[in-house]
Amino acid sequence: MPNIKVFSGSSHTDLTKKICDRLGIQPGKVVLKKFANLETCVEIGESVRGEDVFIVQTGGGEVNDNIMELLIMMNACKIASAERVTAVIPSYPYARQDKKDKSRAPITAKLVANMLSGSGADHIITMDLHASQIQGFFDIPVDNLYAEPAVLKWIKENVEEWRNAIIVSPDAGGAKRVTSIADRLNVEFALIHKERKKANEVDRMVLVGDTKEKVAILVDDMADTCGTICLAAEKLIEAGATKVYAILTHGIFSGPALQRINNSNFEAVVVTNSMPQEEHMKLCPKLRVIDVSMMFAEAVRRTHNGESVSYLFSNVPY
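Quick caveat, the model's predicted, so the values are computed rather than measured.

Here we come to the overall build of the protein. If you tally the helices and strands in the protein, you get nine helices and 14 strands. On C-alpha atoms alone, the protein measures out to a radius of gyration of 20 Å, which is about the 20 Å that the 2.2 N^0.38 rule sets for 318 residues. Expressed as lengths along the three principal axes of its C-alpha atoms, the size of the protein is roughly 60 × 45 × 35 Å. Expressed as a percentage of its 318 residues, the buried residues of the protein come to 54%. Counting contacts in the protein only where the partners sit at least 6 residues apart, residues at least 24 apart contribute 62% of the total. Accessible area of the protein: about 14,700 Å², with a carbon and sulfur share of 50%. Taken together, the 37 basic and 40 acidic charged side chains of the protein have centroids lying 2 Å from each other.

Structure representation (structure tokens):
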């Protein structure tokens, strides 16, 4: 493919390599280092003049460093006369801070959007935004890909009794995602209503729906400390579910998350590789990873060739 350059930030080089393998190109040369005072230094190692540039950087790990690195890389490409700069952000950072849920709360997701646009992004490709309205924080095109097609494929291939499953959302916010999956599998769905006293801590849970004698599949867009899903799993077992699976797009797994999963009732916890999962898999035998690099590679290819990306909303490219 002429005219296309894919660069990797330091957050997820493995994903970039898989995307480039699929596109049949080499990742662009870039040196990322930190000065002694921890300022980020970026050196783009090849010409990008007139090129279609894609920069892959996910919002995990050292989130703030990763954002800064992405901004600097985009700016470096922009002022080196790149034709177009696209940020490929598998997991959008600060996506949960998307509204003023209490007085004086910042809307950081919008701030990040402003920073991305301000540093020269012409286009954003991301996956399973925490709230799809975040697309409206940008004045540039945003392609929000869905992990759903890959999730459906995983369920059909790995959950033997999926026809007797029930898809469960651990909170009311994910109801839409869950109903969509339940419709496409033609099974029932249930909701868990949770009340939070403060962030990252759940107070009590109420299950709405009947999970008796069914395989429960919890679906959510991200798992951070995993308190919610582990409590939800207990609730579902109490309510008579035979097995419990969890499928989560972005596996952040901070703090005691992996320990909680190891001690929980899950058959398996499935995440995508929108964030690096190699270290997590060593610590947690229940973890399974769905590779979504082909979704991003195909989105990059279609964007570059000016084709429609909507095929990816309901199909997994092979």
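Turning our attention to the nonpolar core. Here is a general trend for soluble globular proteins: nonpolar side chains tend to be buried in one another's company. Judged by nonpolar contacts, the single largest core of 46 residues is most densely connected at I155, I167 and I217. Here I167 is in contact with V178, I181, A182, L185, V187, E188, F189, A190, I217 and V219, once residues within four sequence places are set aside. With 29 residues, the next largest nonpolar core counts V42, V53, A87 and F137 among its residues.

Okay, the sheet that holds strand 5 (residues 84-89) next. The sheet built from five strands is open, its strands ordered 1-4-5-6-7 with parallel pairing. What marks the edges here is a single partner per strand, and that holds for strand 1 (4-8) and strand 7 (142-145). Each adjacent strand pair in this sheet contributes to an overall mean axis angle of 15°, direction not counted. As judged from the four bridges shared by strand 5 and strand 6 (residues 123-127), these two strands associate in the parallel manner.

About the cut-offs
- Numbering of residues starts from 1 in every chain and runs along the sequence as written.
- With pLDDT at 70 or above as the cut-off, local features in this predicted model cover only qualifying residues; side-chain atom pairs require 80 or more to be listed or tallied, and sums for whole chains, interfaces and linings still use all residues.
- Note that water and hydrogens are dropped before the side-chain values are worked out from all heavy atoms of the structure.
- The helix and strand labels rest on DSSP assignments: H or I over at least four residues marks a helix, E over at least two residues marks a strand, and numbering proceeds from the N terminus.
- In this description the radius of gyration comes from C-alpha coordinates, and the expected globular size is given by 2.2 Å times residues to the power 0.38.
- Buried means the residue's accessible area, taken with a 1.4 Å probe over protein chains only, is under 20% of the maximum for its type, while exposed means over 50%, and partly exposed covers the values in between.
- Contacts: residue pairs with any heavy atoms within 4.5 Å of one another.
- Each accessible area is a Shrake-Rupley estimate made with a 1.4 Å probe; only the visible protein chains count as cover when residues are assessed.
- By the counting scheme adopted, Arg and Lys are positive, Glu and Asp are negative, and His together with the chain ends is not counted.
- A charged residue contributes its charge at one atom only: NZ of Lys, CZ of Arg, CG of Asp or CD of Glu.
- Side-chain atoms within 4.5 Å are what join buried Ala, Val, Leu, Ile, Met, Phe, Trp, Tyr and Cys residues into a set we call a nonpolar core.
- Pairing between strands requires that DSSP locate at least two bridges from one strand to the other.
- Axis definition: a line fitted to C-alpha atoms, limited for helices to the stretch in contact. Angles are taken between N-to-C directions and run from 0 to 180 degrees.

Keep in mind that these numbers describe shape and distance, not what the molecule does.
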